[in-house]
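Descriptive structure summary
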Amino acid sequence: MPAKNILVLNGPNLNLLGTREPHIYGSETLSDVESKCKAQASASGASLSFYQTNHEGALVDRIQAARTEGVDAIVINPAAFTHYSIALRDALLAVSIPFVEVHISNIHSREEWRNKSWLSDKAVAVICGLGTFGYKAAVEYCLEHIKEKSKL
């Protein structure tokens, strides 16, 4: 059974997408990404919620709320929280909702400190370096595979 309720989470500075370092992150805005993801989910009969915050605790609260909202899968671009937030890791583990980690840039070809993710070893998949297309790939994965994989 495919995922029917997907939550897409975005961490700090992604609200500046489209204007922030476009040579790294491209010119598409987060609003553009949200519209495309919602249309993609809707076309498959699924619902998709989108959330962005610059505050770690707010992101933890949103992950915890997902547990009682019937969320089947989470797509998360933790941004800078990737590299130091054990709180996000613990929240994702606590809710037991399968998640896909997404990064617009290839974090492995950038500064060395960006190579460490506190989430990757618990994610069902990690997508990086595909630009904003990575969101589409993650949502598609959720729509087609994540529920079956979580049963294994």
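Everything numeric in this text was worked out from a predicted model, so none of it was measured.

With that settled, the discussion passes to the UniProt feature "binding site: substrate" (unreviewed entry) in the protein. Residues given the UniProt feature "binding site: substrate" (unreviewed entry) here are Asn77, His83, Asp90, Ile104, Ser105 and Arg114. Along the polypeptide, His83 turns up in the loop between β3 (73-77) and α4 (86-95). For His83, a relative accessible area of 14% gives the class buried. Looking at the element boundaries, Ser105 is found in the loop between β4 (99-103) and β5 (125-128). Given the relative accessible area of 9%, Ser105 is considered buried.

As recorded in UniProt, the sites labelled "active site" (unreviewed entry) are Tyr25 and His103. A maximum C-alpha distance of 9.5 Å places the annotated residues, which cover 79 residues in sequence, within one compact spot. By secondary structure assignment, the location of Tyr25 is in helix α1 (residues 22-25). Tyr25 sits in the buried class, given a relative accessible area of 9%. If we skip the residues at most four places from it in the chain, His103 touches Asn77, Pro78, Thr82, Ile127, Cys128, Gly129 and Leu130. Here Glu101 takes part through its side chain, which lies 2.6 Å from a polar atom of the side chain of His103.

The rules behind these values
- Residues numbered from 1 in each chain as written.
- Predicted model: local features only at pLDDT ≥ 70, side-chain atom pairs only at ≥ 80, totals over all residues.
- Heavy atoms only, no water.
- UniProt positions renumbered as here; feature names shortened; annotations may be inferred.
- Helix = DSSP H or I, 4+ residues; strand = E, 2+ residues; numbered from the N terminus.
- Buried < 20%, exposed > 50% of the residue type's maximum accessible area, 1.4 Å probe, protein only.
- Contact = heavy atoms within 4.5 Å.
- Polar contact = N/O pair within 3.5 Å; in protein donor to acceptor, adjacent residues only side chain to side chain.

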